[in-house]
Amino acid sequence: MRKDVRILLVGEPKVGKTSLIMSLVSEEFPDEVPLRAEEITIPADVTPERVPTHIVDYSEAEQSEDQLYQEISKANVICIVYSVNNKKSIEKVTSHWIPLINDRTDKDSRVPLILVGNKSDLVEHSSMETILPIMNQYQDIETCVECSAKNLKNISELFYYAQKAVLHPTGPLYCPEEKEMKPSCIKALTRIFKVSDLDNDGILNDNELNFFQRTCFNTPLAPQALEDVKNVVRRNMTDGVNDNGLTLKGFLFLHTLFIQRGRHETTWTVLRRFGYDDDLELTQEYLFPMLKVPPDCTTELNHNAYLFLQSVFDKHDKDRDCALSPEEVKDLFKVFPHMPWGHDVNNTVCTNDEGWITYQGYLSQWTLTTYLDVQRSLEYLGYLGYSIIYEQESQAAAITVTRNKRIDLQKKQTQRSVFRCNILGARGSGKSGFLQAFLGRNLQWHRRIKEDHKSFYAISTTYVYGQEKYLLLHEVMPDFDFLSDSDLACDVVCLVYDVNDPRSFEYCAKVYKQYFMDSKTPCMMISAKSDLHEVRQHYHLAPLAFCHKHKLHPPQPFTCNTADAPGKDIYTKLTTMAMYPHARLRCMCTCNRCTYCLSQSLLKSELLHSIKAHLRRVVFNSSTPPTSLLSSLTRGCSLTKLRELAPRLLARLRGWVEGVGSYLLAEEDDLGLSHQVTAISHVEESIYMEASAKPPQPLPHRHMAQADVKNSTFWLRASVGATVCAVLGFAMYRALLKQR
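Predicted model only: the values in this text are computed from it and were never measured.

**Q** How should I be thinking about the overall build of the protein in this particular structure?
**A** What the protein contains, in helices and strands, is 29 helices and 20 strands. Long-range contacts, defined as pairs at least 24 residues apart, comprise 71% of the intrachain contacts of the protein with a sequence gap of at least 6. Surface accessibility of the protein: about 38500 Å² in total, with carbon and sulfur atoms responsible for 50%.

**Q** For this particular structure, what's the right way to read the sheet that holds strand β1 (residues 5–11)?
**A** Adjacent strands of a sheet pair through backbone hydrogen bonds, lying either parallel or antiparallel. Here six strands make up an open sheet; going across it, the order is β2-β3-β1-β4-β5-β6 and the pairing mixed. This sheet does not close on itself; its edge strands, each paired only once, are β2 (40–42) and β6 (141–146). When strand polarity is set aside, the average angle formed by the axes of neighbouring strands in this sheet is 25 degrees. Across six bridges, the pairing between strand β4 (residues 77–83) and strand β5 (residues 113–118) is parallel. Bridge pairing in β5 places valine 81 opposite valine 116. Across the sheet, helix α2 (residues 65–74) touches β1, β3 (53–57) and β4, and the angle it forms with β1 is around 140 degrees. Along the sheet, helix α4 (residues 128–137) contacts β4, β5 and β6; its crossing angle with β6, the most-contacted strand, is approximately 170 degrees.

**Q** Can you help me understand the nonpolar core in this one?
**A** Nonpolar side chains tend to gather and get buried jointly when the protein is soluble and globular. Ile192, Leu271, Phe274, Leu309, Tyr362, Trp366 and Leu384 are the most contacted members of the largest nonpolar core, which totals 72 residues. Ranked by the residues each element gives to this core, the list is headed by helix α9 (residues 248–260), at seven residues. With residues near it in sequence (within four places) discarded, tyrosine 362 still touches Leu309, Val312, Phe313, Leu324, Leu332, Trp341 and Ile357. Core analysis: the second largest hydrophobic core is formed by 28 residues, Phe438, Leu473, Val496 and Phe558 among them.

**Q** Just checking my understanding: could you explain the packing of aromatic side chains for this structure?
**A** For the structure on display, the rule yields 27 aromatic pairs. Considering the side-chain rings of tyrosine 465 and tyrosine 580, the 6.3 Å spacing of their centres and the 65 degrees angle between planes classify their relative orientation as edge-to-face. With a gap of 115 residues between them, tyrosine 465 in the loop between β16 (457–464) and β17 (467–475) and tyrosine 580 in the loop between α23 (569–579) and α24 (595–604) connect regions that are remote in the sequence. Classification of tyrosine 465 by relative accessible area gives partly exposed; the value is 47%. Ring-pair connections join several aromatic residues into one group, and the members of that group are Phe313, Phe333, Phe336, Trp341, Tyr359, Tyr362, Trp366, Tyr380 and Tyr383.

**Q** Would you mind going over the layout of surface pockets with me for this structure?
**A** Space left empty within the atom packing is revealed by a probe, the size of a water molecule, rolled over the atoms. By volume, the largest pocket is sized at about 1500 Å³. What lines the largest pocket is a set of 44 residues, and nearest its centre among them are Gln139, Glu142, Pro169, Thr170 and Gly171. Among the elements of the structure, α2, α4, β6, α5 (155–167), β7 (174–175) and α9 are those that each provide at least two residues to the lining of the largest pocket. It is α5 that contributes the most residues to the lining of the largest pocket, four residues altogether. Looking at the lining of the largest pocket residue by residue, the classes come out as 18 nonpolar, twelve polar and 14 charged.

**Q** What should I look at first to understand a negative patch on the surface in this one?
**A** The grouping of Glu27, Glu28, Asp31 and Glu32 at the surface amounts to a negative patch. For glutamate 28, the location among the structural elements is in the loop between α1 (17–26) and β2.

**Q** It is not clear to me how α9 should be interpreted in this structure. Could you clarify?
**A** Residues separated by three or four positions in an α-helix point in the same direction, a consequence of the helix having 3.6 residues per turn. Taking 1.5 Å as the rise per residue, α9 with 13 residues should run 18 Å; its terminal C-alpha atoms sit 18 Å apart, in good agreement. Here α9 lies mainly inside the structure; ten of its 13 residues are buried. When we look at burial in α9, the residues that qualify are Gly250, Phe251, Leu252, Phe253, Leu254, His255, Thr256, Leu257, Phe258 and Ile259. Downstream of α9 by a residue or two, glycine 262 has a phi angle that is positive, lying close to 80 degrees.

**Q** Hey, could you run me through the packing of helix α8 (residues 223–236) against α9 in this one?
**A** Between two packed helices, the angle of one axis relative to the other and the distance separating the axes together describe the packing. In contact at an axis separation of 10 Å, α8 and α9 are set at 95 degrees when each is read in the N-to-C sense. Looking at the two axes, α8 sits roughly perpendicular to α9. Along its contact with α8, which presents Val229, Val232, Val233 and Asn236, the element α9 presents Gly250, Phe253, Leu254 and Leu257. Grouping the constituent residues of the contact of α8 with α9 by class yields six nonpolar, two polar and no charged.

**Q** Would you take a moment to explain the side chain of threonine 267 for this structure?
**A** Position of threonine 267 relative to the elements: it lies in helix α10 (residues 264–273). With relative accessibility at 0%, the residue threonine 267 sits in the buried group. The contact partners of threonine 267, leaving out residues within four places of it in the chain, are Leu173, Leu189, His255, Phe258 and Ile259.

**Q** For this particular structure, what's the right way to read the sheet that holds strand β18 (residues 492–498)?
**A** Spatially, β16-β17-β15-β18-β19-β20 is the arrangement adopted by the six strands of the open sheet, whose pairing is mixed. Because the sheet does not close on itself, it has two edges, and the strands there are β16 and β20 (556–558). Averaged over neighbouring strand pairs, the angle between their axes works out to 30 degrees when direction is ignored. Across the sheet, helix α21 (residues 504–516) touches β15 (418–425), β18 and β19 (523–528), and the angle it forms with β18 is around 155 degrees.

**Q** Which parts of the structure should I look at to understand the pattern of salt bridges?
**A** Side chains that differ in charge, positive against negative, can pair when their charged atoms come close. With the rule as written, the count across this model stands at 19 salt bridges. Notably, a salt bridge pairs glutamate 265 with lysine 164, separated by 3.0 Å at the nearest N-O pair. Remark: lysine 164 occurs in helix α5 and glutamate 265 occurs in helix α10; sequence separation between them is 101 residues. Of the two residues, glutamate 265 and lysine 164, neither departs from the other in class, the shared state being buried. For arginine 406, the salt bridge is made with aspartate 296, and the minimal N-O distance between the two is 3.8 Å.

Reading guide: rules and limits
- The written sequence of each chain sets the order in which its residues are numbered from 1.
- This being a predicted model, a pLDDT of at least 70 is required before a residue's local features are given, and a value of 80 or more before pairs of side-chain atoms are given or counted; all residues contribute to the totals for chains, interfaces and linings.
- Note that water and hydrogens are dropped before the side-chain values are worked out from all heavy atoms of the structure.
- Working definition: helices are DSSP H or I runs of at least four residues, strands are E runs of at least two. Numbering for both runs from the N terminus.
- By definition in these notes, contact holds between two residues if any of their heavy atoms fall within 4.5 Å.
- Where accessible areas are quoted, they stem from the Shrake-Rupley method and a 1.4 Å probe; at the residue level, only the protein chains shown are allowed to cover.
- In short, DSSP must find at least two bridges between two strands for them to pair.
- All axes are obtained by fitting lines to C-alpha atoms, using only the stretch in contact for helices, and the reported angles, taken between N-to-C directions, cover 0 to 180 degrees.
- Nonpolar core, defined: a set of buried Ala, Val, Leu, Ile, Met, Phe, Trp, Tyr and Cys residues in which side-chain atoms within 4.5 Å join the residues together.
- Categorising residues by exposure relies on relative accessible area from a 1.4 Å probe, with only protein chains included: less than 20% of the type maximum marks a residue as buried, more than 50% marks it as exposed, and the intermediate range marks it as partly exposed.
- Put simply, two rings from Phe, Tyr or Trp (the six-membered ring, in Trp's case) pair if the centres are within 6.5 Å, and we call them stacked under 30 degrees between planes, edge-to-face over 60, tilted for the rest.
- Any residue with an atom within 4 Å of a point lines the site, the site being either a cavity, points on a 1 Å grid over the protein atoms alone where a 1.4 Å probe fits but cannot get out, or a pocket, an open set with protein on both sides within 12 Å along at least 5 of 7 lines.
- Grid points are joined across faces, edges and corners, and a volume is the space filled by probe spheres set on the points.
- Three classes are used: nonpolar for Ala, Val, Leu, Ile, Met, Phe, Trp, Tyr, Cys and Pro, charged for Asp, Glu, Lys and Arg, and polar for all others, with Gly counted as polar.
- Residues with no salt bridge and a relative accessible area higher than 30% make up the patches, which join like charges within 9 Å and nonpolar side chains (Val, Leu, Ile, Met, Phe, Trp, Tyr) within 5 Å.
- A pair is scored as a salt bridge if a Lys or Arg side-chain nitrogen falls within 4 Å of a carboxyl oxygen belonging to Asp or Glu.
- His is not counted, nor are the chain ends, whereas Lys and Arg count as positive and Asp and Glu as negative.
- By convention, the point assigned to a charge is CZ for Arg, NZ for Lys, CD for Glu and CG for Asp.
- Residue count minus one, scaled by 1.5 Å, sets the expected span of a helix.
- Just so you know how the angles are binned, under 35 degrees is roughly parallel, over 145 roughly antiparallel, 65 to 115 roughly perpendicular, and the rest oblique.

Keep in mind these numbers describe shape, not what the thing actually does.
Structural data, given as structure tokens:
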């Protein structure tokens, strides 16, 4: 809506232009009328529309034609004044003034015209019969008002209609010749109907109508008023009301009726509330609200935004299969001026077996858009009506701007939910397959993707310590000399090489040394196509030796050439590295031979449960449990007496410890420690966050030797035994302290 209105009065001399202005200001007919009135400004609090209004008079005796042309170019609405008792002034309307104004204005931005018949107090008849043919001939004429400056008849109405012609123009809404709304108006109102149809059943029920009424006019409709509205539609249309709800046809009919009855301000109020300007285009302020994103900060959707997007998904998932078919996707984006998602989206997010975007994939795509281009995300949320449905000031309320990454590093924790991983590697190294494997697709699926449907992004969710996070993978084009800042800006780097290509690793090594060796961005080396024969790389260091030299984790084997969906463990590791960039993973080996693998296997083995059961059986189910023994021995004893009883206590405890120790160290027992550890095949992919104090030494082999395995097993047994002794010692200490 305009911030002010400029009204220009033109017409033949002596028709009463100046008198009209003077009568409006003084509310009485002036005794002496000057040749021309000075420009006056009516304050906003006086006008009905709360908009400042400037009224400009034109006098042929005091102003030149050039001055007239300047005023015409500045005017928002022009009132052509004629005298109802002077036929010559009426003829001049069509022969002089309308052609003059049209010549001085652009055809696409014509100024609305108001015909003003002054001096109606001097005649008893109306001039409307003469004026109606003129109004039908010229579409720019908004209305005609007969008034009298002498007796103040219709003076306020005249300037109200002039102001209304600017703020609520009929031209963009309605075509008088065809007596129907224009296509642009129908398109805008159709979008408003679909946004207000919260359950997407094609009908506005009473709750939705009340929500619409409250949104646009800040007041609900009474039940009787709702019935009156529907009865008006029923009397004029057969399919305007269905199941006691208003259909799209009935909704459009109501607005056509408003416009035909001169109440087009009602339609304009609705249009402007939903973000439309005078040209029936969504305003830039509505689509792109102000949002400041400082450097090193990212943008994410907040909880309310995800709830809104979930409601939109449920609204259009008509078959309730938790996936959007192509028809459902088209229906969802009918409120958009264009289709926002291309064919590459299906290869960017998770889909079902039919290739339809799942609920998780739908949210992932919105998360991707918000992370990469927050302005586009704001635009899309505007089309869907987020700020209207959730009664927010703008779509910016749906966005969370994360804090600076440097602060995350200082505090050693992050509140972010989306992490970016850039994938670098030579051509043909398997980067695209690595992206598609993240979406649960194997090599056979990847080969069926059309060239123009390929995507350089993949996004899905991973779980790190029970927290759901989004991992965004971006395949960077292999151009070593021209890596841009966006190619380097990420939370974790993944360097991919082909184990079957002897020249593949050299690219990864050079990229790491050139761009990431001195950075704080964590890196992971991926040995892709691990199902193929591994050849010697044409680089002076083997991949494993290179990783040890630069304190990187060993290369992680990966292949997407599987019958089922590839595993996602490696993506969980990447997300964990991105979440904790300040820490280093001590070991990411999955060999089931080193100390780390043995320890992690123990955590998930049945041995741990067996130890607990044996402890309970030996300690608590014996004839004299330790707690009972301690209580009976120390009841009523002094400190000197307790010191004398200490050897007896230690002797009894030594027997229990030996019983548990013999169980742990039994090599021939099927539940023995070494048997249990080596039998475990699945390794818990948790991490140790402490950095290693000593730099890793290059190893001649990929896995530990058998002697190291036995040594690791021994120390693992010793650690468990020491823990048991500590627990029992603490129990004795507590019992003694309590008695004392």
